[in-house]
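Chains, contacts and geometry: an overview
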Number of protein chains: 2
Amino acid sequence: MATVGKPLSTTQRTTLRRGREKGRVDRSELYEVLRAGFICHLGVLVDGAPMVVPTGYGFDEETLYLHGSVASRSLQAGDTPACVTVTVVDGLVLARSVFEHSVNYRSAMIYGPLRRVTDPDEKLHGLHLLTEHLAPGQWDHARRPNQKELAATVLLTLPLTEASVKMRSGPPDDADSADAVPGRWAGELPLLTTWGTPVPDPALPADTPLPPHIAARRGQVTAARP
Amino acid sequence: MATVGKPLSTTQRTTLRRGREKGRVDRSELYEVLRAGFICHLGVLVDGAPMVVPTGYGFDEETLYLHGSVASRSLQAGDTPACVTVTVVDGLVLARSVFEHSVNYRSAMIYGPLRRVTDPDEKLHGLHLLTEHLAPGQWDHARRPNQKELAATVLLTLPLTEASVKMRSGPPDDADSADAVPGRWAGELPLLTTWGTPVPDPALPADTPLPPHIAARRGQVTAARP
């Protein structure tokens, strides 16, 4: 697609004023964060005040698709200014001073006009991406949406054009400070997000086989660094 | 404190219109989500458009304290309308139809005026809470903030007054539907967030002992349901 490889747009709000060294402008790093993330936080305006709702998403190279029912009260007709943030926490940075404590993370903030999808084909495309991001394999395993369900689903889009990507990794920054005294430990405490053991619906017949695409996720880290 | 046990305030924006069955009004459930969460997403207005930034937090019974440097560009003098959302994802709900797929989660959305802390004692109190929420034990282990660092730290507060708490748990909701066909598996896939093996700063002397309060977190689930 036309936008692949294009750097992310540089606008006033995506130009980092703090922590500049952590900023990324490579589009592939935006995709990395979106792949590693599970849900996003959608910020919209409601009666002039911000509202932040967690919701599921999927994406292709140009567009972020969001499940919008949770934000339905905030959706006006037409385009709505929005900010969607995806954050992956990789660990805790335990420094020698409280002040230097930090978090290792990867995040993307995407700004733009939020649009409600009305075209049924586009809605099906977006729901496919969203389902396969959250629950890979389920689009083929479960029953797909019918016309009525499609109509009842609120799907939103945000262009992947104006975005700010930030990452931090590695040890604390105060190794050379006066706080590096003998015996005082410092380092990282990784945070691991893994899929657990599938729990069958109690209503299932006892001999219902667990599909391989679900069984295979057990023990997998959801947000591994590439 | 005076507010303990008081139900959360009911305003138009905290009255759930969708998924009503998931809403909670008990203040103790707000604390449960805040305890289980690790970071929050802070929504503020910048030049009339929403901005959502991930940041650390701590809390006492009446107040949420936020690390504000990441949002510094958004902070005007005086109170700023804000929404802070804390989300804990507990798992994926794999239903029989794509439409019924869902996420098991616990979330809190807290609305209110964001205030910048200026009083040094209040700042120290808030930073203590924030540090002990993210990295319990480090307030006593690491060097505490000095006057200069305190002055350089942007700490924000939001009253724990107007909040909306939502939770979902359990199996999918379509056990009684026509989609419950023999052989089609459905259930939950839990998402586990655990602390990994501490990684010493490469700059540390090799014989630096790992403090027990950090060693003890290894393998611990960060967001266990009570």
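Because the structure is a prediction, the values reported are computed rather than measured.

With that settled, consider the overall build of chain A. The helix and strand tally for chain A stands at five helices and ten strands. For chain A, long-range pairs separated by at least 24 residues make up 72% of all intrachain contacts whose partners lie at least 6 apart in sequence.

Turning to the pairing of strand S5 (residues 80-94) of chain A, a few remarks are in order. Residue and element names in this part refer to chain A. Along S5, 13 of the 15 residues are buried, which leaves the element largely enclosed by surrounding structure. Pairing of S5 with strand S9 (residues 187-195) involves four bridges; the strand directions are antiparallel. Considered in S9, the bridge of Leu94 is made with Gly187.

Let us now look at helix H2 (residues 120-134) of chain B. Taking 1.5 Å of rise per residue, the 15 residues of H2(B) would be expected to cover 21 Å, and the 21 Å separating its terminal C-alpha atoms lies within 8% of that figure. Among the structural elements, S5 of chain A together with strand S3 (49-59), strand S4 (63-67), helix H3 (138-141) and strand S7 (155-159) of chain B are those in contact with the buried residues of H2(B).

Moving on: the environment of His213(B). All names here are of chain B. Mapped onto the fold, His213 is located in helix H5 (residues 212-215). Classification of His213 as partly exposed rests on a count of 13 C-beta atoms within 10 Å. For the pair His213 and Ala135, spaced 78 residues apart in sequence, the C-alpha to C-alpha distance is 9.3 Å. Setting aside chain neighbours within four positions, we find His213 in contact with Pro136, Gly137 and His141.

Expressed as a screw operation, the relation of chain B to chain A combines 0.0 Å of axial shift with a rotation of 180°, fitting to an RMSD of 0.0 Å. Here the symmetry operator amounts to a two-fold rotation axis. For chain B, the smallest separation between a C-alpha atom and the rotation axis is recorded for Thr193(B), amounting to 2.2 Å. A symmetric contact is evident, with 100% of the interface residues of chain B recurring at the interface of chain A.

Looking now at the environment of Asp207(A). Residue and element names in this part refer to chain A. Inspection of the secondary structure puts Asp207 in the loop between strand S10 (199-200) and helix H5 (212-215). With 7 C-beta atoms packed within 10 Å, Asp207 lands in the exposed category. When the C-alpha positions of Asp207 and Arg106 are compared, they lie 41 Å apart, and in sequence the two are 101 residues distant.

Residue and element names in this part refer to chain A. Of all five residues making up strand S4 (residues 63-67), five are buried, and the element is well covered by its neighbours. Side chains Thr63, Tyr65 and His67 of S4 all project onto a buried face; the interleaved residues Leu64 and Leu66 project onto the opposite face, where all are buried too. Note: strand S3 (residues 49-59) against S4, three bridges, orientation antiparallel. Opposite Tyr57, over in S4, you have Leu66 as the bridge partner. With antiparallel pairing between neighbouring strands as the criterion, S3 and S4 make up a hairpin whose turn holds three residues. Two elements, S4 and strand S7 (residues 155-159), share five bridges in a ladder whose sense is antiparallel. Considered in S7, the bridge of His67 is made with Leu155.

Attention shifts here to the interface of chain B and chain A. If you look at the interface, chain B gives 84 residues, while chain A gives 84 residues. When residues of the side of chain B that touches chain A are traced back to their parent elements, those giving at least two are strand S2 (39-46), S3, strand S5 (80-94), strand S6 (102-116), H2, H3, strand S9 (187-195) and strand S10 (199-200) of chain B. A per-element tally of the side of chain B that touches chain A places S9(B) first, with nine residues. A per-class count over the side of chain B that touches chain A returns 52 nonpolar, 20 polar and twelve charged. Where S10(A) and S9(B) come together, two bridges link them in antiparallel fashion.

By the burial criterion, the buried members of helix H2 (residues 120-134) of chain A are Gly126(A), Leu127(A), Leu130(A), Thr131(A) and Leu134(A). Buried residues of H2(A) fall within an arc of 135° about the axis and therefore sit on the same side.

Let us now look at the confidence of the model for chain A. All names here are of chain A. Model confidence for chain A is summarised by a mean pLDDT of 88, while 85% of its residues fall at 70 or above. By mean pLDDT, strand S1 (residues 23-24) is the weakest element of chain A at 68, and S10 is the strongest at 97. Scored below 50 in pLDDT, residues 17-21 makes four contacts in the model with residues more than four places away or belonging to other chains. As a predicted assembly, this complex carries a pTM of 0.91 together with an ipTM value of 0.91.

Along the chain, Ala49(A) turns up in strand S3. The exposure class of Ala49(A) is partly exposed, given the 18 C-beta atoms found within 10 Å. Excluding anything up to four places from it in sequence, Ala49(A) contacts Pro81(B) and Tyr111(B).

What counts and how
- Residues numbered from 1 in each chain as written.
- Chains lettered and ligands numbered in written order.
- Predicted model: local features only at pLDDT ≥ 70, side-chain atom pairs only at ≥ 80, totals over all residues.
- Helix = DSSP H or I, 4+ residues; strand = E, 2+ residues; numbered from the N terminus.
- Contact = placed C-beta atoms within 7 Å.
- Buried ≥ 20, exposed ≤ 12 C-beta atoms within 10 Å, placed from the backbone.
- Pairing = 2+ DSSP bridges.
- Expected span 1.5 Å × (residues − 1).
- Least-squares fit on C-alpha atoms with pLDDT ≥ 70 in both.
- Nonpolar A, V, L, I, M, F, W, Y, C, P; charged D, E, K, R; others polar.
- Arc of directions from axis to C-beta.
- pLDDT = per-residue confidence, 0-100.

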